[in-house]
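Residues per chain are reported as follows:
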Amino acid sequence: MSILVRSPRVLRPLAVASAATLLLATALMTMLAQPASAHGSVVDPASRNYSCWQRWGSDFQNPRMATEDPMCWQAWQADPAAMWNWNGLFREGVGGNHQAAVPNGQLCSGGRTQSPRYNALDTIGAWKTTSVSNNFRLRFFDQASHGADYIRVYVTKQGFNALTEPLGWDDLELAGQIGNTPASQWDQDTGGVSIQIPVNASGRTGRHIVYTVWQASHLDQSYYLCSDVTFGGTSTPPPTTPPPTTPPPTTPPPTTAPPTTVPPTSPRPTTPPPTLPPAGACTATYQVTGQWAGGFQAEVKVTAGGSPTRGWSVSWNYGNGQQVTSSWNTTVSTNGTLVTARNVSHNGTLAAGASTTFGFLGSWNGSNPVPLVSCTTTS
């Protein structure tokens with residue numbers, strides 16, 4: 001009888017190869033299991049991808065998801081990384097010009113940022129909702145303690161149908177916001193910091209979308225987050241514990257193709273063009289879009305006259321001690337009570353009748369009336 005002895009020199013390469021394969025798989029799943037630590041998201045009412053991760057992150061291969069939670073199912077099938085990276089839905093270098101960077105119909109994916117990772121979040125359908133009252137507090141979790149230049153919370157107008165319509169900027173109304181708030185002023189949480197923003201969405205009933213724009217303070221980094229809610233319920237205080245960190249199973253995601261939802265093809269309604277001011281002139285309208293104790297946000301719309309412009313400036317006087325603290329889409333200078341806002345490189349050239357907007361955050365004490373504004377152009 002002969003005995004076969006397997007040489008250690010043969011076994012050693014096999015063992016090394018097996019160990020390398022195991023290490024590679026472990027590293028891959030570790031990367032998927034741990035979202036990037038430098039970012040954040042809305043956790044109550046949860047953003048779409050964070051909500052899907054909460055419900056299915058530890059059970060994402062369960063076939064029940066397809067029937068019990070079909071919108072999350074199609075998102076998981078399209079790209080599981082959108083859920084693992086629930087805190088990474090951002091764009092850089094927007095410069096505050098959010099409507100130019102994020103087209104209508106692509107708001108929930110941040111203008112298909114990092115495409116195709118977050119594209120499925122724009123899919124129209126019956127996303128699971130959180131029941132809230134008309135006055136509630138939105139909780140934002142900042143995993144890396146960046147703080148905020150500002151956070152703006154919008155809510156869809158009454159009459160918008162989230163089950164059949166793509167979300168556009170003109171479907172939204174500002175319902176809550178905070179201005180520049182360093183992370184030191186946020187609430188301390190395990191793994192980061194969080195802050196609550198009061199939201200007033202009076203007059204809403206039924207299904208709606210809450211849309212949050214977070215301008216992080218460490219870079220020109222803008223986050224765009226959709227949360228699905230139902231108004232008419234009772235709102236409970238946001239939890240004080242940080243988001244869970246349950247890792248996913250070590251098996252790969254299923255490969256079944258996701259169901260598709262085709263958005264309607266009818267064009268968005270349009271409004272007639274405004275009456276033009278005289279050739280060579282421009283007009284400006286000043287609007288306070290939000291106000292809180294000691295602070296406010298305003299937006300100014302500049303409209304060219306009957307001929308194109310190469311630049312513009314808008315001026316007004318504050319008579320009650322107001323001050324501009326930060327701005328976007330404009331360069332602001334002050335001289336006593338006089339404030340002058342001038343175009344920046346990308347919005348100075350306007351065709352006849354064309355418009356652009358700029359905005360700013362300010363401080364006030366006592367009263368904050370809308371000032372008279374004047375507009376001049378460079379033709």
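Residues numbered from 1 in each chain as written. Predicted model: local features only at pLDDT ≥ 70, side-chain atom pairs only at ≥ 80, totals over all residues. Heavy atoms only, no water.

Naming follows an unreviewed UniProt entry, where the protein chain appears as Cellulose-binding protein of Micromonospora arborensis.

Quick word on the overall build of the protein chain
When helices and strands are tallied, the protein chain shows six helices and 18 strands. Looking at the protein chain alone, contacts between residues at least 24 apart form 76% of all its contacts between residues at least 6 apart. When the accessible area of the protein chain is evaluated, it comes to approximately 18500 Å², of which 55% is carbon and sulfur surface. (Helix = DSSP H or I, 4+ residues; strand = E, 2+ residues; numbered from the N terminus. Contact = heavy atoms within 4.5 Å. Areas by Shrake-Rupley, 256 points an atom, 1.4 Å probe, with all protein chains shown as cover.)

Section: the sheet that holds strand E11 (residues 282–292)
Across the sheet, four strands lie side by side as E11-E12-E17-E14; this open sheet has antiparallel pairing. Two strands lie at the open edges of the sheet, namely E11 and strand E14 (323–328), each paired on one side alone. Averaged over neighbouring strand pairs, the angle between their axes works out to 25° when direction is ignored. By the bridge criterion, ten bridges tie E11 to strand E12 (residues 295–304) in an arrangement that is antiparallel. Bridge pairing in E12 places Trp292 opposite Gly295. (Pairing = 2+ DSSP bridges. Axes fitted to C-alpha atoms, helices over the stretch in contact; angles between N-to-C directions.)

Describing the pairing of strand E10 (residues 221–231)
Extensive coverage of E10 is indicated by the burial of ten of its eleven residues. Bridging between strand E2 (residues 90–92) and E10 involves three bridges; their strand directions are antiparallel. Each residue of the ladder has a partner; that of Glu92, found in E10, is Gln221. In this sheet, E10 lies alongside strand E9 (residues 206–216) in antiparallel orientation, the contact comprising eleven bridges. For Thr212, the partnering residue across the bridge sits in E10 and is Leu225. Counted along the chain from E9 to the antiparallel partner E10, the turn is four residues long. (Buried < 20%, exposed > 50% of the residue type's maximum accessible area, 1.4 Å probe, protein only.)

Quick look at the pattern of salt bridges
On inspection of all chains with the given rule, the structure shows five salt bridges. Ionic pairing is found between Asp228 and Arg48, a salt bridge with its closest N-O pair at 2.7 Å. Of this pair, Asp228 sits in strand E10 while Arg48 sits in helix H2 (residues 48–56), and the two are 180 residues apart along the sequence. The salt bridge involving Arg55 is made with Asp69; its shortest N-O contact spans 2.7 Å. (Salt bridge = Lys/Arg side-chain N within 4 Å of Asp/Glu carboxyl O.)

Focus: the sheet that holds strand E13 (residues 311–317)
Read from one edge of the open sheet, four strands run E15-E16-E13-E18, paired in antiparallel fashion. Of all strands in the sheet, those bounded by a partner on one side alone are strand E15 (331–335) and strand E18 (373–378). Pairwise comparison of adjacent strand axes, ignoring direction, gives a mean angle of 20° for this sheet. Of the pairings in the sheet, the one linking E15 to strand E16 (residues 338–342) comprises five bridges and is antiparallel in character. For Val332, the partnering residue across the bridge sits in E16 and is Ala341.

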